[in-house]
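Chain by chain, the residues:
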Amino acid sequence: ATRRFFQNTITKFNWHFNANEKLNEIIARAKESHKDDYTKLLSFYNYSPAETVRDSSELDSVIYKANAGILLHDLRNDWVDNLYMLMGRAYYFRQVFDTAYLNFQYINYAFSPKEKDGYDKTIGSNSNEGGNAFSISTKETAKFPKKLLSRPPSRNESFIWLIRTYLALEEYPEAAGMIETLKSDPAFPERLQSSLHEIQSLWFYQQNNYDSASFYLEKALVNAPTKEERARWEYLLAQLYERSGKKEMAKESFDKASDHTLNPILEVYARLNSIRQNKSTDDKAIQQNIDDFLKMVRKDRYTNYRDIIYYSIAQMELERKNTAGAKFYLLKSTKAAIDKSADPNQKSRSFLLLGDLSYNEANYSDAKNFYDSVQNQEIVEDPKSFSNRKEVLTRIANSENIIYRQDSLQRIASLPEAERDALIKKLVKKLRKAQGLKEDEPVAGVNPLVTNTTPTDLFDNTAKGDWYFSNTSLKSKGYTEFKSKWGSRPNADNWRRLSAVNQAIQKKQADNSNKQDNNGQATDDASEEISFDALLKRLPLTPELKEKSNNSIENAQLELGKALMEGLEDYEAAIKTLEAFCDRFGYSDNRAKALSYLYYCYLKTGDTAKAAAVKKELEERHADKPEAQKIINPTAPTENNRLESSMNKSYDKIYSLFIEGNFQEALAEKKIADSLYSTNYWTPQLLYIQSIYFIKEKLDDSAKTSLQNIVNLYPSTVLATKAQTMIDVLGRRKEIEEYLTKLKIEGLEDTTSQINTSPAIDTKPRVVVKGNKADSSVVIAKPPVSDKTLPAGQRKDSTQIKPTQPLRVAFVSDPTVPHYVAVIMDKVDGVFINEAKNAFNRYNKQYYYNKPIETTSEIINDTIRLVLMNTFENTEAAFAYIEKTAKVAASEIIPWLPVTKYSFAVISSTNLELLKNSKDIQEYRRFLQQSFPGKFK
């Protein structure tokens with residue numbers, strides 16, 4: 001008793017307590033870093049293993065303490081099972097689920113009920129409880145003193161965590177089986193019933209069965225560790241009820257969550273969603289909800305949540321198809337979010353919805369502006385599609401801006417001179433006032449430093465000059481010109497100021513280049529000077545300027561139609577734009593291109609009559625244009641296709657020369673091809689084999705350049721990973737070579753005379769003993785029987801097929817003997833043979849680690865080499881390997897080697913010797929076709 005008290009006390013307070021506290025701290029940190037998005041379905045827990053795994057070092061400390069507590073103390077103490085439970089939970093939160101599973105399963109078996117003499121009782125048998133009751137749980141005592149002085153056994157709790165591990169691994173049938181077993185187990189303790197309901201709810205939640213998940217979650221609310229977490233679960237319960245169509249129960253749960261929570265954001269969202277449950281197609285009901293929202297806006301306590309409330313009002317407006325009203329409240333939401341907001345993502349969320357609404361209305365310029373204001377793209381469901389849409393909308397907005405600007409300039413230029421001058425003067429005053437400048441600009445031809453225009457009398461002391469800094473107009477103009485040229489100069493030391501000024505100049509030049517249309521004509525913002533003359537210069541008043549303006553409109557309208565067609569696939573809008581182009585620019589050089597776009601759009605919309613009319617016009621008027629040729633004769637090779645075909649043929653030849661080992665000829669051909677087609681046409685395979693050649697010649701820098709090009713140009717290919725590994729190895733080439741040079745390998749005793757190099761079948765009977773008792777049955781395994789020893793009627797089909805022509809070499813067909821898998825290489829240099837061997841070695845170690853496969857090579861003749869992998873028990877095992885490996889050889893193992901350069905086969909040791917003597921690979925291929933019909937071509 002004394003030893004037991006001592007061991008229990010030390011184990012509990014020195015090890016279990018500290019490990020348990022550390023684990024609780026890790027979970028608490030994960031909860032603090034977890035951020036809920038109340039606009040979406042909440043996660044089941046307010047933390048996840050993905051968040052706890054960040055504290056992997058701390059979790060390792062928990063595992064260490066639990067492990068040490070077990071090993072350093074008497075295993076009979078009462079805290080060993082609790083330490084194993086801590087260890088299993090730590091592995092679970094570390095996302096090492098297989099080890100966590102083994103820990104929980106060990107608790108199940110090691111701490112199950114025992115016989116009096118210490119032997120295990122069969123889990124789930126009648127010997128545990130007696131009678132017919134089926135039970136797997138450990139019966140817990142109901143006596144108060146025992147419950148007060150001891151901790152409940154961890155075995156029953158391990159069942160709950162075992163189910164959680166199954167769910168983390170998405171093994172739902174196993175989890176369901178455990179749940180049903182525990183539900184019907186009479187010995188399962190009452191204290192864990194709420195945990196069982198919680199895990200049942202999680203099972204249904206992960207499979208999107210929200211109705212059943214809500215049923216069990218409501219029963220598990222008592223299991224929430226704190227009042228705040230209970231309020232969060234009530235909010236989740238309300239969301240589950242809402243998705244199940246139970247609006248009344250959802251409203252009740254939302255109200256409970258808002259009453260119980262101390263989180264103001266959760267309270268606001270709970271109240272908003274509670275009001276939203278009063279759904280009806282009646283406008284009066286929707287208006288009542290909106291009025292309730294507006295009452296919340298007017299209360300001071302909701303000042304920091306007005307952006308969220310306005311966003312909810314916009315969603316209500318969308319329910320009654322009031323898009324204009326939704327946009328109005330969304331804009332109010334974005335303005336309210338300027339001040340301190342409870343949800344930093346709400347402003348981006350409002351702009352995103354505004355962009356979606358404008359996009360659906362085909363108002364693409366506004367949609368682009370709204371999307372540009374989305375600062376946090378984490379709220380976007382598909383970031384890649386969102387980025388693509390923004391890119392297309394930018395093209396559309398730029399084209400629309402050019403068309404609108406040039407049309408406006410032409411319209412102003414067409415006005416009578418007096419009316420035009422009055423309009424420009426009015427516009428100058430408006431623009432100067434908007435920038436805080438004096439509305440009246442300096443008069444041209446007057447000295448800006450002197451306001452008095454009368455001749456100055458040299459002897460008149462009353463005349464006074466107007467100093468620069470006293471002239472507001474002149475000072476404003478000087479400031480504008482200085483800022484336009486130099487940017488905003490920071491108040492810093494000279495060397496820092498110079499750097500900032502240079503950056504400002506570069507930015508200014510880039511901005512000005514971007515503020516030009518397709519013909520290089522400056523846009524409205526390209527010059528910051530605001531004066532009558534500056535604005536007048538932008539008008540297309542001369543035939544040359546008007547022609548440039550029309551060219552800008554022409555190019556922009558064609559680009560707009562192309563973007564609508566290709567980027568957004570809005571064929572109706574594209575047709576409208578392109579038809580307007582054809583009407584306005586009937587004799588444009590781009591008419592054939594516009595007609596080709598129209599032809600495609602007409603086909604997509606099913607307007608075959610207009611498509612035929614467009615095709616006819618292309619045939620009659622634009623038959624010589626490449627765009628027309630693609631439509632008139634789509635199968636005819638174009639000049640680009642012919643050039644590409646010639647280029648492919650040249651580089652394919654270079655590729656083959658490299659593979660076959662004709663390196664000098666390959667480099668010479670490559671030099672010629674690069675001069676014709678530039679150096680841009682490089683496949684990753686060609687770069688890889690070129691790098692292998694450079695490595696062979698010890699040109700490491702050139703090899704690294706080729707390999708780095710693979711990583712930079714083709715980062716998503718399999719060869720990019722191989723190239724990066726090769727770069728790392730080349731960086732340590734000298735170190736590796738020195739190590740191998742100094743390495744001393746002491747050979748073992750020569751036993752080659754005792755080893756048969758060719759695999760053979762043991763023809764002696766083998767005795768196999770099954771079981772571990774003396775009376776186990778003995779099975780005599782007979783040697784395998786060759787097909788040649790069977791009667792003709794009993795032989796396999798592959799041996800019954802008679803060859804059409806007698807074989808010149810007497811190859812032996814015996815599918816039961818061990819076989820090599822052979823990769824037949826045709827005209828492949830030895831450098832690449834070795835690289836192929838290494839590639840297959842890496843593949844075999846990764847996928848066949850439990851079956852050591854040795855890779856060797858054999859030279860058959862001048863052109864044929866074999867890469868051999870030994871040894872497979874029979875042809876069936878060899879064929880299974882080939883079937884799996886051949887599918888991934890070209891994509892993962894040897895993607896740099898053309899598929900025409902290699903083929904798979906099987907070969908026995910006997911046939912290998914015959915092939916090496918005969919050197920006739922075609923004869924062996926014919927033998928394979930006859931022996932294994934359908935397997936080889």
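The structure this text deals with has already been given above.
Keep in mind it's a predicted model, so treat the numbers as computed, not measured. (Residues numbered from 1 in each chain as written. Predicted model: local features only at pLDDT ≥ 70, side-chain atom pairs only at ≥ 80, totals over all residues. Heavy atoms only, no water.)

Enquirer: I would appreciate a short explanation of the overall build of the protein chain in the present structure.
Expert: Broken down by element type, the protein chain carries 40 helices and six strands. Here the protein chain, with 937 residues, has 41% of them falling under the buried criterion. Long-range pairs, those at least 24 residues apart, make up 61% of the contacts in the protein chain between residues at least 6 apart in sequence. If you sum the accessible surface of the protein chain, you get close to 54500 Å²; carbon and sulfur atoms cover 51% of it. (Helix = DSSP H or I, 4+ residues; strand = E, 2+ residues; numbered from the N terminus. Buried < 20%, exposed > 50% of the residue type's maximum accessible area, 1.4 Å probe, protein only. Contact = heavy atoms within 4.5 Å. Areas by Shrake-Rupley, 256 points an atom, 1.4 Å probe, with all protein chains shown as cover.)

Enquirer: How should the pairing of strand β4 (residues 854–859) be read in this particular structure?
Expert: When a strand is regular, its side chains alternate between the sheet's two faces. Pairing of β4 with strand β5 (residues 864–872) involves six bridges; the strand directions are antiparallel. Of the residues in β5, the one forming a bridge with glutamate 854 is asparagine 870. With antiparallel pairing between neighbouring strands as the criterion, β4 and β5 make up a hairpin whose turn holds four residues. (Pairing = 2+ DSSP bridges.)

Enquirer: Would you take a moment to explain the nonpolar core for this structure?
Expert: Soluble globular proteins tend to bury their nonpolar side chains together. Judged by nonpolar contacts, the single largest core of 136 residues is most densely connected at Tyr235 and Ile396. The leading source of residues in this core is helix α4 (residues 80–93), at 10 residues. Ignoring any residue separated from it by four or fewer positions in sequence, one finds tyrosine 235 in contact with Tyr38, Leu42, Phe254, Ala257, Leu266, Tyr269, Ala270 and Asn273. Residues Met825, Phe840, Ala877 and Val888 belong to the second largest nonpolar core, which totals 65 residues. (Core = buried A, V, L, I, M, F, W, Y, C linked by side-chain atoms within 4.5 Å.)

Enquirer: Would you take a moment to explain the packing of aromatic side chains for this structure?
Expert: Ring pairs (aromatic) are described by centroid distance and by the angle formed between their planes. Counted under the stated rule, the structure contains 36 aromatic pairs. Between tyrosine 843 and tyrosine 847, the ring centres sit 4.9 Å apart and the planes meet at 40°, which makes this aromatic pair tilted. Separated by four residues within a single helix, tyrosine 843 and tyrosine 847 lie in helix α37 (residues 830–847), roughly one turn from each other. Take tyrosine 843: its relative accessible area is 7%, and that puts it in the buried class. Their ring planes at 80° and their centres at 5.2 Å tell us that phenylalanine 879 and phenylalanine 932 sit as a pair that is edge-to-face. Here the residue phenylalanine 879 occupies a position in helix α38 (residues 875–893), and phenylalanine 932 occupies one in the segment after α40 (921–931), the gap between them amounting to 53 residues. (Phe/Tyr/Trp six-rings, centres within 6.5 Å; stacked < 30°, edge-to-face > 60°.)

Enquirer: Looking at this model, I keep getting lost on unusual backbone geometry. Mind explaining?
Expert: For residues besides glycine, phi is generally negative; the peptide bonds are generally trans as well. Of note, the phi angle at glutamine 95 is positive, near 65°, even though the residue is not glycine. Along the chain, glutamine 95 turns up in the loop between α4 and α5 (97–110). Given a relative accessible area of 38%, glutamine 95 falls into the partly exposed group. Here lysine 827, not a glycine, exhibits a phi torsion of approximately 55°, which is positive. Checked against the element boundaries, lysine 827 lands in the loop between β3 (819–826) and α37. According to the relative accessible area criterion, lysine 827 is partly exposed, its value standing at 43%.

Enquirer: Please explain the environment of alanine 100 as it appears in this structure.
Expert: Along the chain, alanine 100 falls in helix α5. With a relative accessible area of 0%, alanine 100 lands in the buried category. Remark: the alpha-carbon pair of alanine 100 and leucine 86, spanning 14 residues in sequence, is separated by 10.0 Å. Setting aside its immediate chain neighbours within four residues, alanine 100 contacts Gly88, Tyr91 and Tyr92.

Enquirer: What is the right way to look at the packing of helix α16 (residues 306–319) against helix α18 (residues 346–360) in this model?
Expert: Any two packed helices are characterised by how steeply their axes cross, that is the angle between the axes, and by the distance between the axes. Running from N to C, α16 and α18 cross one another at 25°; their axes reach a closest spacing of 10 Å. By the criterion of interaxial angle, the relationship of α16 to α18 is roughly parallel. For the pair α16 and α18, the crossing hand works out as left-handed. Where α16 abuts α18, its residues Asp307, Ile308, Tyr311 and Leu318 lie against Gln346, Arg349, Ser350, Leu353 and Leu357. Class assignment of the residues belonging to the contact of α16 with α18 gives a composition of five nonpolar, two polar and two charged. (Axes fitted to C-alpha atoms, helices over the stretch in contact; angles between N-to-C directions. Parallel < 35°, antiparallel > 145°, perpendicular 65-115°, else oblique. Left-handed = near helix turned anticlockwise from the far one by under 90°. Nonpolar A, V, L, I, M, F, W, Y, C, P; charged D, E, K, R; others polar.)

Enquirer: Which parts of the structure should I look at to understand the pairing of β5?
Expert: Sheet topology places β3 next to β5; seven bridges connect them, and they run antiparallel. By the bridge assignment, valine 823 is partnered in β5 with valine 867.

Enquirer: Honestly, the sheet that holds β5 in this entry has me stumped. Any pointers?
Expert: The strands making up a sheet are joined through hydrogen bonds of the backbone, oriented either antiparallel or parallel. A sheet is described by the order of its strands in space; here four strands give the open sequence β4-β5-β3-β6, paired in antiparallel fashion. Taken across any chain shown, the strands that pair with only one partner, and hence form the sheet edges, are β4 and β6 (902–908). Strand after strand, the sheet turns through a mean of 30° between neighbouring axes, direction not considered. In terms of strand pairing, β3 meets β6 through seven bridges, oriented antiparallel. In the sheet register, alanine 822 faces β6, and the bridge partner there is alanine 905. Packed on one face of the sheet, α40 meets β3, β5 and β6 and runs near 75° to β6.

Enquirer: In this structure, what is going on with the pattern of salt bridges? I would like to understand it.
Expert: When charged atoms on two side chains of opposite charge get close, those side chains can pair. What the rule picks out here adds up to 26 salt bridges. One salt bridge connects lysine 256 with glutamate 252, and the closest N-O pair in it is separated by 3.7 Å. In this pair, lysine 256 and glutamate 252 both sit in helix α13 (residues 247–260), four residues apart, roughly one turn of the helix. In this structure lysine 256 comes out as partly exposed when scored by relative accessible area, which is 36%. Where glutamate 361 meets lysine 327, a salt bridge forms, and the shortest distance between an N and an O atom there is 2.7 Å. With a gap of 34 residues between them, glutamate 361 in the loop between α18 and α19 (364–372) and lysine 327 in helix α17 (residues 323–336) connect regions that are remote in the sequence. One network of salt bridges, with partners in common, ties together Lys368, Asp372 and Lys390. (Salt bridge = Lys/Arg side-chain N within 4 Å of Asp/Glu carboxyl O.)

Enquirer: What am I meant to see in the environment of glutamate 660 here?
Expert: Relative to the helices and strands, glutamate 660 is located in helix α30 (residues 639–660). Dropping the residues within four chain positions of it, glutamate 660 is found in contact with Lys827, Asp829 and Lys901.

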